[in-house]
Amino acid sequence: MKIKLKTLTSIGAIVLFSASSFADNPIIGAPAWSTPARGDVQPKNLDLAKQTLANSKQAYSQAEIDNKFSAPDWFPEQHTLMPKIVSSGRQPKVWACASCHLTSGHGHPESATLAGLTATYINSQMQAFASGARLDYSGHMNRMAAELSEQEILAVSRWFASLTVKRFIKVKETERVPRTFIDETRMRRLVANSGSTELLGNRIIEVAENREKVSKRDPWAKFISYVPVGSLERGKALVSSGAGKTIACASCHGVGLKGSAIGPALAGNFATYTVRQLHGFKGGTRKGAQSALMQSVVAQLSDHDIVDIAAYLSSLDPAAE
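Quick notes on the rules
Here the residue numbering is sequential within each chain, running from 1 through the sequence in written order. Since the coordinates come from a predicted model, pLDDT governs what is reported: local features require at least 70, and pairs of side-chain atoms require 80 or more to be given and counted, while whole-chain, interface and lining totals use all residues. The side-chain numbers reported here are obtained from all heavy atoms of the structure, hydrogens and water having been left aside. Ring pairs are drawn from Phe, Tyr and Trp, using the six-membered ring of Trp, whenever the two centres fall within 6.5 Å, and their geometry is named by plane angle: stacked under 30 degrees, edge-to-face over 60, tilted for the rest. Each helix corresponds to a stretch of at least 4 residues labelled H or I by DSSP, and each strand to a stretch of at least 2 residues labelled E; elements are numbered beginning at the N terminus. With a 1.4 Å probe rolled over the protein chains alone, any residue whose accessible area is under 20% of its type maximum counts as buried; one over 50% counts as exposed, and the rest are partly exposed. We treat two strands as partners when DSSP finds at least two bridges between them. Inter-axis angles, ranging from 0 to 180 degrees, are taken between N-to-C directions of lines fitted to C-alpha atoms, where helices are fitted over the stretch in contact. Note on definitions: a residue-residue contact is assigned when non-hydrogen atoms from the two residues lie within 4.5 Å. Note on angle classes: values under 35 degrees are labelled roughly parallel, values over 145 roughly antiparallel, values of 65 to 115 roughly perpendicular, and the remainder oblique. Helix crossings fall into two classes, left-handed where the near helix is turned counterclockwise from the far one by less than a right angle and right-handed where it is turned clockwise. Amino acids are sorted into nonpolar (Ala, Val, Leu, Ile, Met, Phe, Trp, Tyr, Cys and Pro), charged (Asp, Glu, Lys and Arg) and polar (every other residue, Gly among them). Criterion for a disulfide: a pair of cysteine sulfur atoms at a distance within 2.5 Å. For this quantity, the arc is that covered by the directions from the helix axis to the C-beta atoms.

Enquirer: In this structure, what is going on with the packing of aromatic side chains? I would like to understand it.
Expert: A full pass over the atoms with the stated rule returns 4 aromatic pairs. A centroid spacing of 4.9 Å and a plane angle of 85 degrees characterise the contact between Y60 and W74, whose relative ring orientation is edge-to-face. Here W74 lies in the loop between α2 (62–65) and α3 (84–87) and Y60 lies in strand β2 (residues 60–61), a separation of 14 residues in the sequence. The two residues Y60 and W74 agree in class, both being buried. Note on F223 and F270: the rings are 5.1 Å apart at their centroids and 85 degrees apart in plane angle, and the pair reads as edge-to-face. With F223 in strand β9 (residues 223–227) and F270 in the loop between α10 (250–253) and α11 (271–283), this pair connects stretches of sequence that are 47 residues apart. For the pair shown, F223 and F270 are each scored as buried. Ring pairing ties together the aromatic residues F168, F223 and F270, which thus form one cluster.

The structure is reproduced here in structure tokens:
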């Protein structure tokens, strides 16, 4: 059974969803740096020269790598066979899931890390995107989830839940960061070639350690997360005890913040993604399953608190015993 748009939960959600297939959905309260607009649109890459990746037997052109309907699979021996919806999507509206979330399930700062989540949780969030109860700031997930059948959502959920998460983010406290820009896909924050820096302020800036690996959609590319000085200590206090403003995260998200029966894994995720989600709960643009539990949790958190929590959670090793 395909999920129909008539199941959207509000007229407001319908307006946001149907205004444009690629329209941005505002996440109330979320800072602009966490919900970046697209950069200038560049001509479509038609480069057909084959590229390789260390330790991989595969070869893809940049045009193939950037094809949203055929995700590059550099290491097919490292995972079970991908469902077709994950590897190829369904034209013309549904992109290959692995083109954004990668064959490792790690994703990039604009998308969720799915490895380490349960199939039940992924399934519930896909249902929330499809109904409009949860809004994706780019609009892509709302657009695509609404096109999927129940069987496809189940296949996606089970496959990504089968992946094992690894640590791939290095968190650095700093006052200044390299000057960056967002490319036209919104999927990459790139360091400007000028070599100049700027004040970080109350932001989190996440960039790839190796720009070339990210452009090739290397599923194991590593990232650097620049966070404000002192944010890790402050975030640890908020996450561990609530610091008088909220509750300890482990009470719902389990030991080591690796997930439980009622809360998803939080450890080692992209901090900008976490910032968007906390503001989504606080501003009411995320109303999917169990979201009511989070509304009171985030109610008293300031913008600085949210940055501190996201920074600390990103610093945790999701694979630690």
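Enquirer: Would you mind going over the environment of W95 with me for this structure?
Expert: Summarising the element assignment, W95 is placed in the loop between α3 and α4 (97–101). Residue classification places W95 among the buried positions, given a relative accessible area of 13%. Along the sequence, W95 and A71 sit 24 residues apart, while their C-alpha atoms lie 8.9 Å from each other.

Enquirer: So what exactly am I meant to see when it comes to the sheet that holds β9 here?
Expert: The strands making up a sheet are joined through hydrogen bonds of the backbone, oriented either antiparallel or parallel. Across the sheet, 3 strands lie side by side as β3-β9-β8; this open sheet has mixed pairing. Each end of this open sheet is capped by a strand with a single partner; those strands are β3 (169–173) and β8 (205–208). In this sheet, adjacent strand axes meet at a mean angle of 25 degrees when their direction is disregarded. With 5 bridges connecting them, β3 and β9 associate as parallel partners. What sits directly across from K172, in β9, is Y226. Across the sheet, helix α13 (residues 303–315) lies against β3, β8 and β9, angled at about 135 degrees from β3, the strand it touches most.

Enquirer: How do you make sense of the pairing of β9 when you look at a structure like this?
Expert: Two faces, one strand: in a regular strand the side chains alternate between the faces of the sheet. In terms of burial, β9 is a largely internal element, 5 of the 5 residues being buried. Side chains F223, S225 and V227 project from β9 onto one buried face, and the interleaved I224 and Y226 project onto a second face that is buried too. Strand direction decides the pairing type here: β8 and β9, joined by 4 bridges, are antiparallel. By the bridge assignment for β9, I205 is matched with Y226.

Enquirer: How should unusual backbone geometry be read in this particular structure?
Expert: Excluding glycine, most residues fall at negative phi; most peptide bonds, likewise, are trans. Here the residue pair Q91 and P92 is connected by a cis peptide bond, since its omega of 10 degrees sits within 30 degrees of zero. Position of P92 among the secondary structure elements: in the loop between α3 and α4. With a phi angle near 70 degrees, N55 is a residue other than glycine that sits in the positive phi range. Within the element layout of this structure, N55 appears in the loop between β1 (50–51) and β2. Positive phi, normally seen in glycine, also occurs at L102, with a value near 70 degrees. Counting through the fold element by element, L102 comes out in the loop between α4 and α5 (119–131). A relative accessible area of 2% places L102 in the buried class.

Enquirer: I would appreciate a short explanation of the packing of α11 against α13 in the present structure.
Expert: When two helices pack together, their arrangement is given by the angle between their axes and by how far apart the axes lie. Between α11 and α13, whose axes approach to 8 Å, the crossing angle comes to 140 degrees. One finds that α11 runs oblique with respect to α13. Both α11 and α13 take part in a crossing whose hand is right-handed. In contact with A271, T274, V275, L278 and H279 of α11, α13 contributes D303, I306, I309, A310, A311, L313 and S314. Looking at side-chain class alone, the contact of α11 with α13 contains 8 nonpolar, 3 polar and 1 charged residues.

Enquirer: Just to check I follow, could you spell out the packing of α5 against helix α7 (residues 150–161) for this structure?
Expert: Relative to each other, α5 and α7 sit at 140 degrees, their axes nearing to 8 Å. Put simply, α5 runs oblique to α7. Seen from above, α5 lies across α7 with right-handed handedness. Along its contact with α5, which presents A119, I122, N123, M126 and Q127, the element α7 presents E150, I153, L154, S157, R158, F160 and A161.

Enquirer: I would appreciate a short explanation of the state of the cysteines in the present structure.
Expert: Among covalent bonds in proteins, the disulfide is the one between the sulfur atoms of two cysteines. A complete count under the given rule lists 0 disulfides for this structure. We note that C100 lacks a disulfide partner, and the nearest cysteine sulfur, in C97, lies 8.8 Å from it.

Enquirer: Help me understand helix α9 (residues 231–241) in this model?
Expert: All of the buried residues in α9 are S231, G235, L238 and V239. Down the axis of α9, the buried side of the element spans an arc of 95 degrees, and every buried residue falls inside it. Structural note: α9 exposes E233 and S241 on the side pointing more than 90 degrees away from its buried face. G242 sits one or two residues past α9 and shows a positive phi near 90 degrees.

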